[in-house]
Amino acid sequence: MVDLTTVDLEGDGRIDANITDSDGDGVLDQISMDTDGDGLIDMSAIDSDADGSLDVAAVDVDGDGEVDAVIDLHTGAVDYDGDGTADDYVDVSAFDSGSSSEYNTDLA
């Protein structure tokens with residue numbers, strides 16, 4: 001289990017994950033992370049259909065504040081150019097467990 005409430009990737013003493021439970025049901029809806037400490041979100045994953053499983057991740061690889069890739073966390077399809085068509089595929093088996101509850105987020 002990954003405890004997202006303690007992740008500090010760059011060692012600056014600040015927690016990098018912003019965990020959101022927008023409907024107050026104790027299940028996370030979105031995880032956003034600032035992985036390089038610049039104050040800008042580098043990665044965000046959401047549960048777009050409220051089934052308790054993260055569905056889509058948006059990633060800013062170069063730190064310019066723009067989304068560089070969108071990843072379907074169920075199929076592994078990666079869209080780099082924003083046209084809605086898969087440009088590549090990645091292994092997402094670690095994300096497709098069927099539940100976001102494997103991450104400790106202290107929402108309940």
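Small disclaimer: the values here were computed from a predicted structure and weren't measured.

## What to know about unusual backbone geometry
In this structure, Ala-50 is a non-glycine residue whose phi angle is positive, near 60°. On the secondary structure map, Ala-50 appears in the loop between strand E4 (43-46) and strand E5 (56-59). By relative accessible area, Ala-50 is classed as exposed at 61%.

## Here's the deal with a negative patch on the surface
A cluster of acidic residues, Asp-81, Asp-83, Asp-87 and Asp-88, forms a negative patch on the protein surface. Examined against the element boundaries, Asp-81 turns out to sit in the loop between strand E7 (77-79) and strand E8 (88-89). Residue classification places Asp-81 among the exposed residues on the basis of a relative accessible area of 52%.

## Topic: the environment of Ala-57
Summarising the element assignment, Ala-57 is placed in strand E5. For Ala-57, a relative accessible area of 5% translates into the label buried. Note: C-alpha distance between Ala-57 and Gln-30 (27 residues apart in sequence) is 9.5 Å. The contact partners of Ala-57, leaving out residues within four places of it in the chain, are Ser-44, Ala-45, Ala-69, Val-70, Ile-71 and Leu-73.

## Points about the confidence of the model for the protein chain
Counting all residues, the mean pLDDT for the protein chain is 79, and 82% of those residues have values of 70 or more. Confidence drops under a pLDDT of 50 for residues 98-108, and excluding neighbours within four residues, the segment shows 33 contacts in the predicted structure.

## Brief notes about the sheet that holds E4
What the 7 strands build is an open sheet, ordered E2-E3-E4-E5-E6-E7-E8; its pairing is antiparallel. In this open sheet, the two edge strands, each paired with only one partner strand, are strand E2 (17-20) and E8. Strand direction decides the pairing type here: E2 and strand E3 (residues 30-33), joined by 4 bridges, are antiparallel. Note on E3: the bridge partner recorded for Ile-19 is Ile-31.

## Things to note about the side chain of Ser-32
Here Ser-32 is to be found in strand E3. At 3.1 Å, the side chain of Ser-32 and the side chain of Ser-44 are in polar contact. Look past the residues within four positions of Ser-32 in its chain and what remains in contact with it is Asp-16, Ala-17, Asn-18, Ile-41, Met-43 and Ser-44.

The rules behind these values
- Residues numbered from 1 in each chain as written.
- Predicted model: local features only at pLDDT ≥ 70, side-chain atom pairs only at ≥ 80, totals over all residues.
- Heavy atoms only, no water.
- Helix = DSSP H or I, 4+ residues; strand = E, 2+ residues; numbered from the N terminus.
- Buried < 20%, exposed > 50% of the residue type's maximum accessible area, 1.4 Å probe, protein only.
- Patch = residues over 30% accessible without salt bridge, like charges linked within 9 Å, V, L, I, M, F, W, Y side chains within 5 Å.
- Areas by Shrake-Rupley, 256 points an atom, 1.4 Å probe, with all protein chains shown as cover.
- Salt bridge = Lys/Arg side-chain N within 4 Å of Asp/Glu carboxyl O.
- Lys, Arg positive; Asp, Glu negative; His and termini not counted.
- Charge placed at Lys NZ, Arg CZ, Asp CG, Glu CD.
- Contact = heavy atoms within 4.5 Å.
- pLDDT = per-residue confidence, 0-100.
- Pairing = 2+ DSSP bridges.
- Polar contact = N/O pair within 3.5 Å; in protein donor to acceptor, adjacent residues only side chain to side chain.

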